[in-house]
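# Notes for the structure review
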Amino acid sequence: MPRMTTWTFAPEPYDSPDAVDLWRAYYTEVSDRWYRLHQGHATDPGELEREIAAASWSELVPPTGSLIVARYAGEAMGCAGVRMLDATTGEVKRVYIRPRARGTGGARPLLRAVEEAGRGLGARRLRLDTRGDLVEARALYAGCGYTEIPPYHDDPYAEHFFEKRITRAQEPPAPRGPGFSV
């Protein structure tokens, strides 16, 4: 993919055609990685279809959640969601960039966009989980200021847990006299 293209990030309904396609791509990749590592083969197609149909992103809707779709050259190439666990704690979910768009600079700004969405929902801290085999994700989170924490739930597929404190966007300083600009 050309590097001169711009990434854009915007909220989108979880059931839009692009969001549904990204969910399928995300789930297929993480499921196949797990099965190949632990079973030596890709996910059984029937199981994959049952799991995709059974899961929903319906928790990623306002006022307690948001799904951000990342577009590269206008094409949906990634997504990330956030859902509120309580009044001040959000959980980042399903951070994904399509393989052909990786390395083009979209992952960090996508994470920043979902952090901003979390702020808008009232989050003061964000948590997330990932698996040990998803080393790229762990490196991304650590590089973006997330620190490893003890488990905050008991999902058997979650092996690493992270947290980042976030603050509200800073208000610009009040003008201090003639000629002041923000």
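Residues numbered from 1 in each chain as written. Predicted model: local features only at pLDDT ≥ 70, side-chain atom pairs only at ≥ 80, totals over all residues. Heavy atoms only, no water.

### Structural notes on the packing of helix H3 (residues 107-120) against helix H4 (residues 135-143)
Packed helices, taken two at a time, are described by their axes: the angle between them and the distance between them. The N-to-C vectors of H3 and H4 enclose an angle of 60 degrees; their axes lie 11 Å apart at closest approach. Both H3 and H4 take part in a crossing whose hand is right-handed. Residues Ala107, Arg108 and Leu111 of H3 pack against Leu140, Tyr141 and Gly143 of H4. Of the residues contributing to the contact of H3 with H4, the split by class is four nonpolar, one polar and one charged. (Axes fitted to C-alpha atoms, helices over the stretch in contact; angles between N-to-C directions. Helix = DSSP H or I, 4+ residues; strand = E, 2+ residues; numbered from the N terminus. Left-handed = near helix turned anticlockwise from the far one by under 90°. Contact = heavy atoms within 4.5 Å. Nonpolar A, V, L, I, M, F, W, Y, C, P; charged D, E, K, R; others polar.)

### Looking at the packing of aromatic side chains
In this structure the tally under the stated criterion is 11 aromatic pairs. An aromatic cluster is present here, built from Trp23, Tyr26, Tyr27, Trp57 and Tyr96 joined pairwise through their rings. (Phe/Tyr/Trp six-rings, centres within 6.5 Å; stacked < 30°, edge-to-face > 60°.)

### Looking at the sheet that holds strand S4 (residues 89-97)
Across the sheet, which stays open at both edges, the seven strands sit in the order S1-S2-S3-S4-S5-S7-S6 with mixed pairing between neighbours. Here the strands that pair on one side only, and so sit at the sheet edges, are strand S1 (7-11) and strand S6 (147-149). On average, adjacent strands in this sheet sit at an angle of 30 degrees to one another, irrespective of strand direction. Looking at chain direction, S6 and strand S7 (residues 160-165) are connected through three bridges and run antiparallel. Bridging across to S7, Glu148 finds its partner in Phe162. Packing of H3 onto the sheet brings it into contact with S1, strand S2 (65-72), strand S3 (75-84), S4, strand S5 (125-130) and S7, and relative to S3 it is tilted by some 35 degrees. (Pairing = 2+ DSSP bridges.)

### Side note on unusual backbone geometry
Look at the link from Pro62 to Pro63: it is a cis peptide, with omega at 10 degrees. Along the chain, Pro63 turns up in the loop between helix H2 (45-54) and S2. If you check the backbone angles, Arg94 has positive phi at about 50 degrees while not being a glycine. Mapped onto the elements, Arg94 comes out in strand S4.

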